[in-house]
Amino acid sequence: SERHQVDGYLTNSTTVTFTKGAGFAAAGNTLTIRWWVVEWSAGVTVQRGRAALADNTSPEDITITSVDTTKAWPVVTTSCLDTAAANQQNAADFFGASLTSATNLRIDWLGGTAVGQTVSWQVIEYADCSVQTGTVAFGTGDTSKTATITSVTTAASALFCSALNANACDDTMVRGAVTDATTLTFTREGSGTAETVRYHVVSFSDGTNCYRGSIAFGTGDSSLTGAVTSVDTTRAVATIVGNRNTY
């Protein structure tokens, strides 16, 4: 269901706003959001905005202030406002983002029109990093794919990815991992449709540490914990690189 889709964005310097999917108003639906706002002291610039995609055909191009594309990456969130299909996800509910030039952010999706969606976007430019980006194509029947990247220090590299799929949720839910210094691995539970995964690997050169792991939820599990090397919680943020699920 698209009811779980939540769009989050900084409204101003003291306010974070979240917008839920149209179907969420149905009786009995509750949702808890866990959020972080990361503020850097220097060396980082962030551009942001919101793009209304109602009845537009993919892709959507947005002009931004010039960035170094080898040191910048996009982040997008969305909630579906299509009340005509308030309980169904489709191709227009899943978005990818890429920097096609120093001044252009492209947001795209599979299928036809994106009815009622508004995408919140951010472009982060980080002076002390390098960014690699690319796509991986899943064919019908594929549950795992890999991508080869230029060698990175895995303990200082973070992976961000998004998936574009024209059909089922269990196909669209993709998990990504930095397997080793030159390999990314992407897995999914379903295999009924083709899918494109767009990834950005951010390798930091300023002493930033990246820790990673995997947690398997069993039947009946609602909360699990994972151990990490001790961190300063006032200077650390947790992210989930995709997920796998079966409906």
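Structure's up top.
Residues numbered from 1 in each chain as written. Predicted model: local features only at pLDDT ≥ 70, side-chain atom pairs only at ≥ 80, totals over all residues. Heavy atoms only, no water.

J.: Hey, could you go over the nonpolar core for me, with residue numbers and the actual values?
T.: Core analysis: the biggest nonpolar cluster contains 15 residues, and Ile64, Leu99, Leu105, Ile107, Trp121 and Val123 have the highest contact counts within it. Breaking this core down by element, the ones donating at least two residues are β7 (96–101), β8 (104–108) and β10 (118–126). Tallying contributions element by element places β10 first for this core, with three residues. Ala147, Ile149, Val152 and Val178 belong to the second largest nonpolar core, which has 14 residues in total. (Core = buried A, V, L, I, M, F, W, Y, C linked by side-chain atoms within 4.5 Å. Buried < 20%, exposed > 50% of the residue type's maximum accessible area, 1.4 Å probe, protein only. Helix = DSSP H or I, 4+ residues; strand = E, 2+ residues; numbered from the N terminus.)

J.: I'd like a rundown of the pattern of salt bridges, residues and numbers included.
T.: Applying the stated criterion across every chain, the model contains six salt bridges. A salt bridge links Asp108 to Arg198; its shortest N-O distance comes to 3.2 Å. Of this pair, Asp108 sits in strand β8 while Arg198 sits in strand β16 (residues 195–204); the two residues are 90 residues apart in sequence, bridging distant segments of the chain. The burial state of Asp108 is the same as that of Arg198; both residues are buried. (Salt bridge = Lys/Arg side-chain N within 4 Å of Asp/Glu carboxyl O.)

J.: Any chance you could break down the sheet that holds strand β12 (residues 144–148) for me, citing the residues and the numbers?
T.: Overall, antiparallel pairing links the three strands, which are arranged β12-β15-β14 in an open sheet. Every other strand in the sheet has two partners, leaving β12 and β14 (174–180) as the edge strands with one partner each. For this sheet, the mean inter-axis angle between neighbouring strands, taken without regard to orientation, is 25°. In the sheet, β12 pairs with strand β15 (residues 183–188) via five bridges, with the strands oriented antiparallel. Bridging from a neighbouring strand, Thr146 pairs with Thr185 of β15. (Pairing = 2+ DSSP bridges. Axes fitted to C-alpha atoms, helices over the stretch in contact; angles between N-to-C directions.)

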